[in-house]
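# Structural characterization, general
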Amino acid sequence: MTITDAAVAGVHAPRIGESAPRPDGVPKVRGTFAFSSDLWADDMLWGQTLRSPHPHARIRGIDISGALAIAGVAAVLTHEDVPGRNLFGLEHPDQPVLAVDVVRYQGEPVALVAADHPDVARRAADAIVVDYEVLAPLADADAAITADPVHPDGNVVRHLVIDHGDRRAVGEVVVEGTYEVGMQDQAFMGTESGLAIPAGDGTIDLHVSTQWLHSDQRQIAAALGLPEPSVRLSLAGVGGAFGGREDVSLHIHLCLLALQTGRPVKMVYDRGESFLGHVHRHPARIHFRHHATASGDLVKVEARIVLDGGAYASTTAAVLANACCFATGPYRVPNAYVEGWGVRTNNPPCGAMRGFGNVQTCFAVEAQMDRLAAAVGIDPVELRLRNALATGDTLITGQRIDGTAPVREVIERLAAHPLPPPAPDDVLARPGGAGRTSDASELRRGVGFAVSIKNLMFSEGFDDYAEARCTVDDAIAVVQSACAEVGQGFVTLAQQITREVLGLSEVHLAPIDTSIGSAGSTSASRQTWMSGGAVLRACEAVRDTLLRAIAAERSLPLDALELVDGRVRSLDGSVDLPAAAAFAGRVISEHVTHRHAPTTTLDAKGQGRAHVSFAFAAHRAVVDVDVELGLVKVVEIATTQDVGRVLNPLQARGQIEGGIAQGVGLAVMEEIVVRDGLVRNASFTDYLIPTALDMPEVAIVALIEHPEPGAPFGAKGIGEPPAISSTPAVVAAIREATGLALSRVPVRPDDIALASPDRHGSPAPGTDPS
């Protein structure tokens, strides 16, 4: 069963504001939902990629004869077999489809194989002999700023300065610190997979799990040397994304093999290859200096931010922009000087991941706010309230916040929520759980607080739009959009919007493919606003066409008719009938393109109206720490979030809990360990993610509803803020429990056990041992 099949299987027809269950939920639980790895075609071949074992090396030769000699092998391809441009990239084409004369990261694709069985394809890939001259990798992002280039376009993808206010301003109190964020993986359950089917006329169909069909189409067509309409993409079932499917992975490789062999080709990455085959969250090194008055009012913030983009650009330029633009957090700062670099290295490529630059700087900003509170001698929550942004305030980019900004309410509602009770005297409830390792005498409880800001939609002048079509045929509505459903719930929202506007209970979703114009990426917390807005406008256009037809038939003025609450009524009472009856026997179809308010690029001083809208959230974490063993149990995370308007309460809770899980993971366990460009833990055995036993209780204290002007139904995107300030809240709680500075995430057991200054006395809240 596919998403679109599942979307019409239910009986209840919830509208906006109701808890509509996911239409694909039950099929997924039953195992009948078709993920991309379940795809199949007659006469299908299996594809395999040969990847570089080295992070940096010259290619002196490739011998494919051994692979071609294996029975069952249908094709072996190298860069010489790429018919179009041998470069691709989400924002800038700088990455080879197949390496030519150099490899720049461990896992870079060098050759492709298609065979009649996946084991044969793997053996054939192993039989390819590549003569490498191993080179020293550039693995340090700071060094990359001035080092010899590892890429023809240079090492610095972007250098950004934000210079706001008076650089000479100083505060009575100054705190500074250096912080690091490790490389986090999106860790989606379904690895990369897809099926390419060649057509007899030289065109091709690709069924793939992705976040942006039309961006993929553009990059694939350029590599194949085909017009874009000759490359047709359909969304296959997606097993999670979180930014990791925004870039092309196996897409071009599949199409090359299918066109070369004239047969369908399927590829499925195993977990180890998946770690090498998609982008990750940018590791960061950040230095902050905060100036404030003696009473705690922020005066100036200075920051130096370095993001490691790995071997290729991906979205590094945009991630850096977010990191720099929001380097002061959700706080009023009259003066700021922020300098950031996004650089290429020989580490694994990095790109989009939930939170997109805000995660890195939020961790550092919130640590600084706690340091500042201790230095000033006031409560950390009070310090945040004193400096909280509000509507009408100006960001460090010079942009005025015109929309809703209930930062103060978000903080106050969370701070008023009661703390959980003391830990029970139960060994299973202690850090270490069933391992029964923790001694109650070594446990310390800590509480941490953090607040975040996140921009919504694409920024810096990008032409951000989404198309949608709504067709009603005899009271049955069909909605078409290329919005990639990756778990965010658009398949539910599109139906809710259609029912709300048109009053019809039977709503179908057309297959998600490139037969309609782009919906943009399912990222940047944008699809509710953008594709939701497109569906809303298409439905409104259908409604208006219906009312015009009825007005003409009944000789009524158009403004005398309305379609509200599922009924078409006239002001004089002569018309009053269910929407289904009004649509009966009619066919109405409307296609619209929806855009948000325009943004601008940043000028030489980093000033400009670069963003559309902003969402805010706060998290309070409660942890128990075994200071002897360094084990941490996250007991509870309470949260409040600025959501504009809740469109689906059940789905909102799911997004918040899922984002918090990734925030907890980054705080205490998740990191791709890279040494000299080599990934050391490319498996779920060694790359740890939170399980159900690791997840704390999540208390959603309040979803703050102040409708956002210009947003469909006033709603803001919900999915990213939970992953942003949950991490610094957890680490702040560990700091309070241990008295340690803890300036890097994830926090490892040895960061606590080998450094804890006090094993028998609880440190005072706000202590800054640094």
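On a predicted model such as this, the values are computed, not experimentally measured, just so you know. (Residues numbered from 1 in each chain as written. Predicted model: local features only at pLDDT ≥ 70, side-chain atom pairs only at ≥ 80, totals over all residues. Heavy atoms only, no water.)

### Brief notes about the overall build of the protein
Broken down by element type, the protein carries 18 helices and 31 strands. Computed over its C-alpha atoms, the radius of gyration of the protein comes to 27 Å, within 12% of the 27 Å expected for a compact globule of 770 residues. If you line up the protein on its principal axes, its C-alpha atoms span 80 × 75 × 55 Å. The buried share of the protein, reckoned over its 770 residues, is 62%. (Helix = DSSP H or I, 4+ residues; strand = E, 2+ residues; numbered from the N terminus. Rg over C-alpha atoms; globule rule 2.2 N^0.38 Å. Buried < 20%, exposed > 50% of the residue type's maximum accessible area, 1.4 Å probe, protein only.)

### Looking at the pairing of strand 14 (residues 265-268)
Pairing between strand 1 (residues 45-51) and strand 14: two bridges, direction parallel. Its bridge partner lying in strand 14, L45 is registered against V265. Relative to strand 14, strand 11 (residues 193-198) runs antiparallel, the two sharing four bridges. Residue pairing for strand 14: L195 is matched across the bridge by K266. (Pairing = 2+ DSSP bridges.)

### Here we look at the pattern of salt bridges
Applying the stated rule across the entire model yields 42 salt bridges. The partner of R744 in a salt bridge is E180, with the nearest N and O atoms 3.3 Å apart. With R744 in strand 31 (residues 744-745) and E180 in strand 10 (residues 173-181), this pair connects stretches of sequence that are 564 residues apart. The class for E180 is partly exposed, based on a relative accessible area of 28%. (Salt bridge = Lys/Arg side-chain N within 4 Å of Asp/Glu carboxyl O.)

### Let's talk about the side chain of N155
Within the fold, N155 resides in the loop between helix 5 (141-144) and strand 9 (156-164). Here D148 takes part through its backbone oxygen, which lies 3.1 Å from a polar atom of the side chain of N155. Among residues more than four places away in sequence, those in contact with N155 are L138, A144, A147, D148, P149, V150, G342, V343 and R344. (Polar contact = N/O pair within 3.5 Å; in protein donor to acceptor, adjacent residues only side chain to side chain. Contact = heavy atoms within 4.5 Å.)

### Digging into the pairing of strand 10
Where burial is concerned, the two faces of strand 10 differ: the one with V173, V175, G177, Y179 and V181 is buried and the one with V174, E176, T178 and E180 is not. Pairing of strand 10 with strand 15 (residues 284-292), which is carried by nine bridges, proceeds in the antiparallel orientation. Bridging across to strand 15, T178 finds its partner in H287. Of the strand pairs in this sheet, strand 10 and strand 31 are connected by two bridges, and their pairing is parallel. Looking across to strand 31, one finds that V181 is bridged to V745.

### Some remarks on the packing of helix 16 (residues 649-668) against helix 17 (residues 726-738)
Interhelical geometry of helix 16 versus helix 17 gives an angle of 45° and a closest axis separation of 7 Å. The angle between the axes of helix 16 and helix 17 places the two elements in the oblique class. Of the two possible hands of crossing, helix 16 and helix 17 adopt the one that is right-handed. Packed against helix 16, whose contacting residues are G659, I660, G663, V664, L666, A667 and V668, the element helix 17 presents S726, T727, V730, V731 and I734 at the interface. Partitioning the contact of helix 16 with helix 17 into residue classes produces eight nonpolar, four polar and no charged. (Axes fitted to C-alpha atoms, helices over the stretch in contact; angles between N-to-C directions. Parallel < 35°, antiparallel > 145°, perpendicular 65-115°, else oblique. Left-handed = near helix turned anticlockwise from the far one by under 90°. Nonpolar A, V, L, I, M, F, W, Y, C, P; charged D, E, K, R; others polar.)

### Some points on the packing of helix 13 (residues 490-502) against helix 14 (residues 530-554)
At a minimum axis distance of 9 Å, the contact between helix 13 and helix 14 shows a crossing angle of 25°. Judged by the angle between their axes, helix 13 and helix 14 are roughly parallel. The two elements helix 13 and helix 14 cross, and the hand of that crossing is right-handed. From helix 13, F490, A494, I497, T498, V501 and L502 reach across to helix 14, where they touch S531, G532, V535, L536, C539, E540, V542 and R543.

### Re the packing of aromatic side chains
Under the defined criterion, the tally for this structure stands at nine aromatic pairs. Each ring, one from F33 and one from F35, has its centre 4.9 Å from the other, and the planes form 70°; the classification is edge-to-face. Judged by its relative accessible area of 4%, F33 falls in the buried class. Overall, F35 belongs to the partly exposed group, its relative accessible area being 25%. The interplanar angle of 80° and the centroid separation of 5.0 Å between the aromatic rings of F458 and F462 together place this pair among those described as edge-to-face. A residue is classified by how much of its surface remains accessible, and F458, at 14% relative accessible area, is buried. Take F462: its relative accessible area is 41%, and that puts it in the partly exposed class. A network of ring pairs unites the aromatic residues W212, F458 and F462 as a single cluster. The ring of Y337 has R167 sitting right over it, with the charged end atom 3.7 Å from the ring centre. In this structure, R245 is placed above the aromatic ring of F188, and the distance from its NZ or CZ to the ring centre is 4.1 Å. (Phe/Tyr/Trp six-rings, centres within 6.5 Å; stacked < 30°, edge-to-face > 60°. Lys NZ or Arg CZ within 6 Å of the ring centre and 35° of its normal.)

### Looking at the sheet that holds strand 2 (residues 57-63)
Within the open sheet, the three strands sit side by side as 6-2-8. Their pairing is antiparallel. Looking at strand neighbours, the two that pair on one side only are strand 6 (102-103) and strand 8 (129-134), the edges of this open sheet. As paired strands, strand 2 and strand 6 are joined by two bridges and run antiparallel to one another. Across the sheet, residue A57 finds its bridge partner in strand 6, namely V103.

### What to know about the side chain of S209
Here S209 is to be found in the loop between strand 12 (204-208) and helix 6 (213-224). In terms of polar contacts, S209 uses its side chain to reach the side chain of S36, at 3.3 Å. A polar contact of 3.3 Å, which involves the side chain of S209, links it to the side chain of R245. Non-local contacts of S209, meaning those with residues more than four positions away in its chain, are made with S36, S193, L235, A236, G237, V238, R245 and H251.

### Here we look at the environment of A737
With respect to the element layout, A737 can be found in helix 17. Accessibility expressed as a relative area gives 1% for A737, which makes it buried. Linking A737 and V625, residues 112 residues apart in sequence, is a C-alpha distance of 6.7 Å.

### Here we look at the sheet that holds strand 11
Pairing within the open sheet is mixed, and its seven strands lie in the order 3-7-1-14-11-12-13. Each end of this open sheet is capped by a strand with a single partner; those strands are strand 3 (73-77) and strand 13 (231-235). For this sheet, the mean inter-axis angle between neighbouring strands, taken without regard to orientation, is 20°. Inspection of the sheet shows strand 1 paired to strand 7 (residues 109-115) by six bridges, in the antiparallel sense. Counted as the bridge partner of Q48 is V113 from strand 7. Running over the sheet, helix 4 (residues 118-127) touches strand 1, strand 3 and strand 7 and is turned about 25° from strand 1.

### Concerning the nonpolar core
Formed by 95 residues in total, the largest nonpolar core has its most connected members in F288, I305, V338, L372, I411, V730 and I734. If one sorts the elements of this core by residue count, helix 10 (residues 358-376) sits on top with 10 residues. Beyond its immediate sequence surroundings of up to four residues, I305 is in contact with R285, I286, A323, C324, A327, V338, E339, G340, W341 and T361. Listed in part, the 89 residues of the second largest apolar core include V472, A475, L509 and I512. (Core = buried A, V, L, I, M, F, W, Y, C linked by side-chain atoms within 4.5 Å.)

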